[in-house]
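# Structural description and commentary
Next come the chains, spelled out residue by residue.
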Amino acid sequence: VTRKLSINPGDTIISTSQRDFVQLGGHQGHFHIAGPGALWKQQAKDGEVEAKVLKELNESSLHAYVPDFLGTKEHDGKRWIGMEDVMCHFTDGCGMDIKMGTRTFKEFEVKNQKLREDLYNKMVNLDPSEPTEQENTDKAVTKLRYMTFRERESSSQTLGFRVEAMKIWNQETNKDFKTLKYKDQVKNALKIYFNPLSRSGIEGFVRELENLSQLLEESTYFKEHEFVGTSLLFVYDRERVGIWMIDFGKTTEISDLVEGGQITHDKPWELGNYEDGYFFGLRNLLNQSPWIFKSTCVHSLLTFP
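Residues numbered from 1 in each chain as written. Predicted model: local features only at pLDDT ≥ 70, side-chain atom pairs only at ≥ 80, totals over all residues. Heavy atoms only, no water.

## Here we look at the sheet that holds strand 2 (residues 38-42)
Strand order in the open sheet formed by four strands is 1-2-4-3, and the pairing between neighbours is antiparallel. Of all the strands in the sheet, just strand 1 (31-33) and strand 3 (69-75) have a single pairing partner and so form its edges. When the angles between neighbouring strand axes are averaged without regard to direction, this sheet yields 30°. Sheet analysis places strand 3 next to strand 4 (residues 78-84), joined by five bridges and oriented antiparallel. Following the sheet pairing, histidine 75 is matched in strand 4 by lysine 78. (Pairing = 2+ DSSP bridges. Helix = DSSP H or I, 4+ residues; strand = E, 2+ residues; numbered from the N terminus. Axes fitted to C-alpha atoms, helices over the stretch in contact; angles between N-to-C directions.)

Below is the structure:
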């Protein structure tokens, strides 16, 4: 895939009329076509974090694995980020969004120890047996308690990643994966996406993951930021494959927040250490989960530990 494009969205009117647009994740209406090969993404209300991080990543050693940053603009009272539409490299591309890490919430979100009835009710609706005796008496839980419970309800905590959504040929976008938590469940979901690929297609994805892993291990920028809530976007068509890091709205610099100024992205998370489990998830995707890439055409492709 040729990753770097010469695109300037300029003052193109935000529109979705130029072509079909497949959105795998995020809030509907937050993405719009900005011209050939470019998108506008609405910025979050809490600032311009994603624009800043995307720009910095474009200037880093990781630039080949993130969409091009094409500037920002204001339209209809909202701020938008211009970025490369990576799907433009593919003809009838099949995409999959995998949320990375064992934690998908920022630390400051859960430092408030206030007991909340609304989160207790959400917990009970998801699993009536989950609250402790004391929580049932209080009929309230802290946000930390609720968010860690939610992570356990998917494969995020056990595998370091979870499947958010996928779109493959002749099927509608499928987002019914977020509550898959066991290996066999995740295996079956991933087989749906990867099974149409040839041996060379699988090998292409393996090379992409290996290259990305090496770049991340060497990246000072990566070590100095927590990449919470980010995803890997997998895309293939009948001729090529590609992987991109996306969704940086919760990425936070931690160089002044932890001893030594860096995190491993691998150690278990404890409140205050800012670890996000990104490498744990990437390792499961590539090295410790042979069932992810196992199919009839690639049964003996790799030797896994």
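## So, the pattern of salt bridges
Per the counting criterion, the structure on display carries 18 salt bridges. Between lysine 55 and glutamate 59 there is a salt bridge, with the nearest N and O atoms lying 2.9 Å from each other. Among the salt bridges present, the one from lysine 181 reaches glutamate 153, with a minimum N-O distance of 3.9 Å. On the criterion of sequence distance, the pair formed by lysine 181 in the loop between strand 6 (161-167) and helix 6 (183-194) and glutamate 153 in the loop between helix 4 (143-152) and helix 5 (156-159) is long-range, its members being 28 residues apart. If you follow the salt bridges from partner to partner, you end up with Glu130, Glu135, Arg145 and Arg152 in one network. (Salt bridge = Lys/Arg side-chain N within 4 Å of Asp/Glu carboxyl O.)

## Considerations on the packing of helix 2 (residues 117-126) against helix 4
Packing of helix 2 against helix 4 leaves a shortest axis separation of 10 Å and a crossing angle of 25°. The angle between helix 2 and helix 4 falls in the class roughly parallel. Between helix 2 and helix 4 lies a crossing of left-handed hand. Taken together, the residues of helix 4 that come into contact with helix 2 (itself represented by Leu119, Lys122, Met123 and Leu126) are Lys143, Arg145, Tyr146, Phe149 and Arg150. A breakdown of the residues in the contact of helix 2 with helix 4 according to their chemical character gives five nonpolar, no polar and four charged. (Parallel < 35°, antiparallel > 145°, perpendicular 65-115°, else oblique. Left-handed = near helix turned anticlockwise from the far one by under 90°. Contact = heavy atoms within 4.5 Å. Nonpolar A, V, L, I, M, F, W, Y, C, P; charged D, E, K, R; others polar.)

## Details of helix 9 (residues 278-286)
Across the nine residues that make up helix 9, a large majority, seven, are buried. All of the buried residues in helix 9 are Tyr278, Phe279, Gly281, Leu282, Asn284, Leu285 and Leu286. (Buried < 20%, exposed > 50% of the residue type's maximum accessible area, 1.4 Å probe, protein only.)

## Some details on unusual backbone geometry
Positive phi, normally seen in glycine, also occurs at lysine 139, with a value near 50°. Relative to the helices and strands, lysine 139 resides in the loop between helix 3 (133-138) and helix 4. Given a relative accessible area of 48%, lysine 139 falls into the partly exposed group.

## Some thoughts on the packing of helix 7 (residues 199-218) against helix 9
Helix 9 packs onto helix 7 with a crossing angle of 155° between their chain directions and a minimal axis gap of 10 Å. Relative to helix 9, the element helix 7 is oriented roughly antiparallel. Taken as a pair, helix 7 and helix 9 cross one another with a handedness that is left-handed. Mapping the contact onto sequence places Val206, Leu209, Glu210, Ser213, Leu216 and Glu217 in helix 7 and Tyr278, Phe279, Leu282 and Leu286 in helix 9.

## Some words on the side chain of threonine 230
With respect to the secondary-structure elements, threonine 230 resides in the loop between strand 7 (225-226) and strand 8 (231-236). With sequence-adjacent residues up to four places away left out, threonine 230 is seen in contact with Ile98, Lys99, Met100, Ile246, Asp247, Phe248, Thr251 and Tyr278.

## Topic: helix 7
Taking 1.5 Å of rise per residue, 20 residues should cover 28 Å, and helix 7 covers 29 Å from first to last C-alpha, within 8% of that figure. For helix 7, every residue scored as buried is listed here: Gly201, Ile202, Gly204, Phe205, Val206, Glu208, Leu209, Leu212, Ser213 and Leu216. Looking at the buried side of helix 7, the elements it contacts are helix 6, helix 8 (220-223), strand 8, strand 9 (241-246) and helix 9. (Expected span 1.5 Å × (residues − 1).)

## Considering the nonpolar core
One finds Tyr193, Leu232 and Phe234 to be the most contacted residues of the largest nonpolar core, which totals 51 residues. A per-element tally of this core places helix 7 first, with six residues. (Core = buried A, V, L, I, M, F, W, Y, C linked by side-chain atoms within 4.5 Å.)

## Some thoughts on the pairing of strand 5 (residues 94-100)
For a regular strand, side chains alternate in direction, first toward one face of the sheet and then toward the other. Across the seven residues that make up strand 5, a large majority, seven, are buried. Of the two faces of strand 5, the one carrying Cys94, Met96, Ile98 and Met100 and the one carrying Gly95, Asp97 and Lys99 are both buried. With six bridges joining them, strand 5 and strand 8 adopt antiparallel strand pairing. Residue pairing for strand 8: cysteine 94 is matched across the bridge by tyrosine 236. The sheet contact formed by strand 5 and strand 6 spans six bridges and is antiparallel.

## Thoughts on the sheet that holds strand 9
On the basis of which strands lie adjacent, the open sheet formed by four strands has the order 6-5-8-9 and antiparallel pairing. A strand with exactly one partner marks an edge of an open sheet, and here the two such strands are strand 6 and strand 9. The average undirected angle you get between the axes of adjacent strands in this sheet is 20°. Where helix 9 meets the sheet, it contacts strand 5, strand 6, strand 8 and strand 9, and its direction lies at approximately 135° from that of strand 5.

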